[in-house]
Amino acid sequence: MSEETDKPEAGSEPESTKPEEQLSDPRTPITLTYAGASQLVAGDASSTLALFTNTRRADVRAELKAKDPLTLREALSCLYEVVSSDFRYVPRDKTAYLAYMRLRKSMAGQSAWQAQQAYFEWLARNDPTAWLVLDPIVTVHPDRLLLEVFSKDEGAYAQLGVDWSAFEVSGALRHGTTNIDYSKGLFDGVQRMRSYRPTQISIGQDAVSVHTEGKAPVIEKTIQVPDAWLRGFLQVQSAATLPSTVVTIAAIDLYNLLRQLRLNADRKKGGRGVRIELVPGEAPRLVLEPWEIVLTSAAGPYKGRSPALVRIWGRRRLSLLRRLLPFVDTVDIHLLGSGLPSFYVLRAGPITLTLGLSGFTSANWSQSVGFDQLLPRDRHEDIKVTLAAVLKQLGEVWVSSAEDLAKVTKRPATEVYTALQIACQNGQVSYDLARAVYRLRPISDAPIDLTRLQYRNVRERVAHDLVARGAAKIVSENRIYGTGLEITGKVAVEADRREYRPQLVLDDDGRVKSAECTCTFFRKHKLKEGPCAHLIALRVAQAQEEERRRQARGKARGTITVETRTYAKRQGDAEEVCQVSLDRQRLKLRWGPRDQGLRVQSLVFNSVAEARAAYFERVDDLEARGYLDGTAG
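Residues numbered from 1 in each chain as written. Predicted model: local features only at pLDDT ≥ 70, side-chain atom pairs only at ≥ 80, totals over all residues. Heavy atoms only, no water.

(A) Summary view of the packing of aromatic side chains. Summed over the entire model, instances satisfying the criterion amount to nine aromatic pairs. An angle of 70 degrees between the planes, with centres 5.3 Å apart, marks the rings of Phe-150 and Trp-229 as edge-to-face. Linking Phe-150 in strand S6 (residues 144-150) with Trp-229 in helix H7 (residues 227-238), this pair joins segments that are 79 residues apart in sequence. Comparing Phe-150 with Trp-229, the two get one shared label, buried. Aromatic side chains Tyr-615 and Phe-616 sit 5.0 Å apart centroid to centroid with 75 degrees between the ring planes, which places their arrangement in the edge-to-face category. Considered together, Tyr-615 and Phe-616 belong to a single accessibility category, that of buried residues. (Phe/Tyr/Trp six-rings, centres within 6.5 Å; stacked < 30°, edge-to-face > 60°. Helix = DSSP H or I, 4+ residues; strand = E, 2+ residues; numbered from the N terminus. Buried < 20%, exposed > 50% of the residue type's maximum accessible area, 1.4 Å probe, protein only.)

Structure representation (structure tokens):
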């Protein structure tokens, strides 16, 4: 990609352009063609599940007989619930109700079939997002069958993996990746699968095992997938490749968590996260906010080497897993950190279901910008050569670990790892978290226009360019307990011959509580049309600074001048919190029970070195006394 042709000038903040031009929602057309509708044909002695695949892609084929139809039924049902789920907040609006009443009056006297068709036509005109469900991506590999989906609200990713040992395989398998027609009709048919009735499964472009009256109608649909949705799908899936803390809990622990959520309603201004307390040698503890309900895991002690306190979100989406829980042996939770995706791997014998939760919503641009900083953007020639070698090898073996790919390609392990992350972001490779292996899996039959997915909009592209040129700088950071982190910056735009002053306040969860900027775009639209380029640039600069500080922790203490750490220690049902903040020559201490007024002590030293020494003295003392570092969580 040519930076000169694709990227606007650093100073050309698109203030003069129309908001709709800045927030245009480009879409990627994906055409799916099926020889028939996937369905379950129930006979007297057996049932046949015919899964028609996309005729525009490789002819993937498998003829199978399920050994445990009941577990497979529940796993497929969970997959459908994920792909059709939408947990976005919908404000109360009577517009849809009034439109429905007008439609109802216009349909008076029509037959049921005519009324249904009229409703579908109205839905297609007035709520096109209701049809934005990309059919599952199916991959047939030498070791297992995989199905991948992404929810409509861009908040949940799921991968269902089934070992071939769960089937009786007839004939040879045809490896490759395609889509299957997974409609509401197929979901209803899957519900009729029974353990006492043998279930045959036919995967292919013609599903030859199904015999119906007449010729099956050809189904062709072109889905206009928003680039934001496609970008989220690729990013959340590639996030599985990032280093994580793995916690193993029992299925009953997850059931107890869902039970408490059913019994307790969320509070408007209360916390909605789950704090996971990890102490080596002790059972992991799940703490539900804001009720401070503590659930101790029954799966045994935490086997990690260092204690940790991690906070995760998206807990209501865990209800998507409820149907499979009775068959699950263990649950592995992969924790990446605050504001980052978390993954849940449910193991039920030869069947594994991986649920990835984004950790941020589409409206929370601040956390998503911070998450972008962890994913590689490196495109220099060495990485391109390594990427080509990795894809060539995966094209021959289909599935491999990063270590084996480094040995075969004879490329440095760090380059191979970066190339695999880029391949996941490009939609060429998927990461199987349950097996810790990479798989060749092109997301579509045609190459994806990656230049459209690199940034969410024009303002984000401008913001990254401003940061790269050093035009965006952080002036001050002020940690306000109970409010969050106040960040003030300055952005010098040469083209405008002006210096803008953006300011952000981030809460303890990394979400934006308030934002201001002196630019014309913000004064005109506030945040109704999204953040201006200067606010995004400030958030990118702050995320990069946080990453530098994180890497410097424990390595170069002598260079740290600004840092805040939060520690917690549980004593029975109560939890003691201690926050230590270093701001150059100032040191501020806060301590006391969680969710209560904390005591505060402020100290001022003659030099930065003295303040730094006092800061780390208190940090070392808290860690020696068994306090958990919850800064990243």
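(B) Focus on empty space enclosed by the protein. A full pass over the atoms with the stated rule returns six cavities of 30 Å³ or more. Leu-49, Leu-51, Leu-72, Leu-76, Leu-145, Leu-147, Val-162, Phe-167, Ile-201 and Ile-203 are the residues that line the largest cavity. Contributions of two or more residues to the lining of the largest cavity are made by strand S3 (47-52), helix H3 (69-83), S6 and strand S10 (199-204). Its residues placed into classes, the lining of the largest cavity shows ten nonpolar, no polar and no charged. Counted as a void, the second largest cavity has a volume near 60 Å³. Along the walls of the second largest cavity sit Ile-249, Leu-254, Leu-257, Val-274, Ile-276, Leu-286, Ile-312, Leu-318, Ile-333 and Tyr-344, which together make up its complete lining. Split into classes, the residues belonging to the lining of the second largest cavity amount to ten nonpolar, no polar and no charged. (1 Å grid on protein atoms, 1.4 Å probe; cavity = no way out; pocket = protein on both sides within 12 Å on 5 of 7 lines; lining within 4 Å. Points joined across faces, edges and corners; volume = space filled by probe spheres on them. Nonpolar A, V, L, I, M, F, W, Y, C, P; charged D, E, K, R; others polar.)

(C) The arrangement of the sheet that holds strand S20 (residues 399-400) in detail. On the basis of which strands lie adjacent, the open sheet formed by three strands has the order S20-S22-S21 and antiparallel pairing. Each having just a single partner strand, S20 and strand S21 (429-432) make up the two edges of the open sheet. Sheet topology note: the S20/strand S22 (residues 437-440) ladder contains two bridges and is antiparallel. If you follow Val-399 over to S22, its bridge partner there is Arg-439. (Pairing = 2+ DSSP bridges.)

(D) Inspection of the pattern of salt bridges at higher detail. Counted by the stated rule, this structure contains 38 salt bridges. A salt bridge links Asp-143 to Arg-435; the nearest nitrogen and oxygen atoms lie 3.2 Å apart. Highlighted residues: Asp-143 in the loop between strand S5 (137-140) and S6 and Arg-435 in the loop between S21 and S22, separated in sequence by 292 residues. One salt bridge connects Asp-227 with Arg-452, and the closest N-O pair in it is separated by 2.9 Å. With Asp-227 in helix H7 and Arg-452 in helix H13 (residues 450-453), the pair connects residues that are 225 residues apart, well separated along the chain. Residues participating in the shared-partner salt-bridge network are Arg-275, Glu-277, Glu-282, Arg-285, Glu-289, Glu-292, Arg-311, Arg-570, Glu-575 and Arg-594. (Salt bridge = Lys/Arg side-chain N within 4 Å of Asp/Glu carboxyl O.)

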